[in-house]
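Examining the three-dimensional arrangement
So you can see what is in the structure, the chains are spelled out below.
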Amino acid sequence: MAGKSSIKQLDPRIKSAVDEAIREGRATIDDIVKLITDLGGEASRSSVGRYKQKAEEQMQKYREAQEVAKVWVGKLQQDPEGDIGRLLAEMLRTVAFQTIGDMEAGSSMDVMLLAKALKDLAGADKLTAERILKVREEATREAAEKVTAIAKTKGLTKDTVEALRAEILGVSR
């Protein structure tokens, strides 16, 4: 079994700078080795190369997952209360918690990517809840209008019509 990456064993501030350089895509392996040296750390070119390659693979998987998520979010927007919406949210939560369990301690790149995914999921949940609420409110308003119209044609008093409308809308008179 391979030992822990020498990059992961660096001072957290140095490792953070390395992760940032990789995320930004602005640094070559030699640039990162120099960055580590300039910050007072030490790492071989081969260990930086392995670490950079693994990080880039993780970022690529994340980008691919985002593309797949866009498709699912599109389906979710079409029917937020449907089976797809509920299934998607539950699948994402399960994957997120499995990923947490599989992470190596101190893997800031994984933690950063997972945190963003969870934030996006929370945002999607909020949007879904807002859409559901809006649809329900609109349906309630439409029902109140129909009841009001029918009640008026059936000769109910204005007070009775207003009482029915207030009851349907859930407001006090």
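Heads up: these notes are all about the structure in this document. (Residues numbered from 1 in each chain as written. Predicted model: local features only at pLDDT ≥ 70, side-chain atom pairs only at ≥ 80, totals over all residues. Heavy atoms only, no water.)

Considerations on the overall build of the protein chain
Helix and strand counts for the protein chain come out as six helices and zero strands. In sequence order, the secondary structure elements of the protein chain are arranged as α-α-α-α-α-α. For the protein chain, the proportion of its 173 residues judged to be buried stands at 27%. In the protein chain, once contacts between residues fewer than 6 apart in sequence are set aside, the share between residues at least 24 apart is 53%. (Helix = DSSP H or I, 4+ residues; strand = E, 2+ residues; numbered from the N terminus. Buried < 20%, exposed > 50% of the residue type's maximum accessible area, 1.4 Å probe, protein only. Contact = heavy atoms within 4.5 Å.)

Examining helix H1 (residues 12–24)
Because the α-helix completes a turn every 3.6 residues, residues three or four places apart line up on one side. Under the 1.5 Å per step criterion, the end-to-end length of H1 is 18 Å for 13 residues, consistent within 8% with the ideal 18 Å. All buried positions along H1 are accounted for by Ile14, Lys15, Ala17, Val18, Asp19, Ala21 and Ile22. The residue sitting at the N-terminus of H1 and contributing the capping side-chain oxygen is aspartate 11; that oxygen lies 2.9 Å from the backbone nitrogen of arginine 13. (Expected span 1.5 Å × (residues − 1). Polar contact = N/O pair within 3.5 Å; in protein donor to acceptor, adjacent residues only side chain to side chain.)

Notes on the pattern of salt bridges
Taken as a whole and judged by the stated rule, the model has seven salt bridges. With a closest N to O distance of 2.7 Å, arginine 45 and aspartate 30 form a salt bridge. Of this pair, arginine 45 sits in helix H3 (residues 45–78) while aspartate 30 is found in helix H2 (residues 29–38), placing the two residues 15 residues apart along the sequence. The exposure class of aspartate 30 is partly exposed, given its relative accessible area of 44%. A salt bridge links aspartate 38 to lysine 34; the nearest nitrogen and oxygen atoms lie 2.9 Å apart. Taken together, the residues aspartate 38 and lysine 34, both in helix H2 and four residues apart, mark about one turn of the helix. Of the two residues examined, aspartate 38 and lysine 34, each falls in the exposed class. (Salt bridge = Lys/Arg side-chain N within 4 Å of Asp/Glu carboxyl O.)

Focus: the packing of H1 against H2
Between H1 and H2, the shortest axis-to-axis distance is 10 Å and the interhelical angle comes to 155°. Of the possible angle classes, the one that applies to H1 and H2 is roughly antiparallel. For the element pair H1 and H2, the recorded crossing hand is right-handed. Across from Ile14, Ala17, Val18, Ala21 and Ile22 in H1, the residues of H2 making contact are Ile32, Leu35 and Ile36. Here the residues of the contact of H1 with H2 are counted per class, giving eight nonpolar, no polar and no charged. (Axes fitted to C-alpha atoms, helices over the stretch in contact; angles between N-to-C directions. Parallel < 35°, antiparallel > 145°, perpendicular 65-115°, else oblique. Left-handed = near helix turned anticlockwise from the far one by under 90°. Nonpolar A, V, L, I, M, F, W, Y, C, P; charged D, E, K, R; others polar.)

Considerations on the nonpolar core
Core analysis: the largest hydrophobic core is formed by 15 residues, its most contacted members being Ile7, Val18, Ile22, Ile32, Ile36 and Val48. Elements supplying a minimum of two residues to this core: H1, H2 and H3. (Core = buried A, V, L, I, M, F, W, Y, C linked by side-chain atoms within 4.5 Å.)

Structural notes on a nonpolar patch on the surface
Side chains of Val147, Leu156, Leu164 and Ile168 sit close together on the surface and give an oily, nonpolar patch of about 260 Å² of accessible area. Topologically, valine 147 is positioned in helix H5 (residues 108–153). Taking relative accessible area as the criterion, valine 147 reaches 30% and is therefore assigned partly exposed. (Patch = residues over 30% accessible without salt bridge, like charges linked within 9 Å, V, L, I, M, F, W, Y side chains within 5 Å. Areas by Shrake-Rupley, 256 points an atom, 1.4 Å probe, with all protein chains shown as cover.)

Quick notes on the environment of alanine 163
Position of alanine 163 relative to the elements: it lies in helix H6 (residues 158–169). Put simply, alanine 163 and threonine 148 are 15 residues apart on the chain and 9.8 Å apart in space, counted from C-alpha to C-alpha.

Details of the environment of glutamate 56
Of note, glutamate 56 is situated in helix H3. In sequence terms glutamate 56 and arginine 23 are 33 residues apart; their C-alpha atoms lie 7.9 Å from each other. Separated by 2.7 Å, the side chains of glutamate 56 and lysine 52 make a polar contact.

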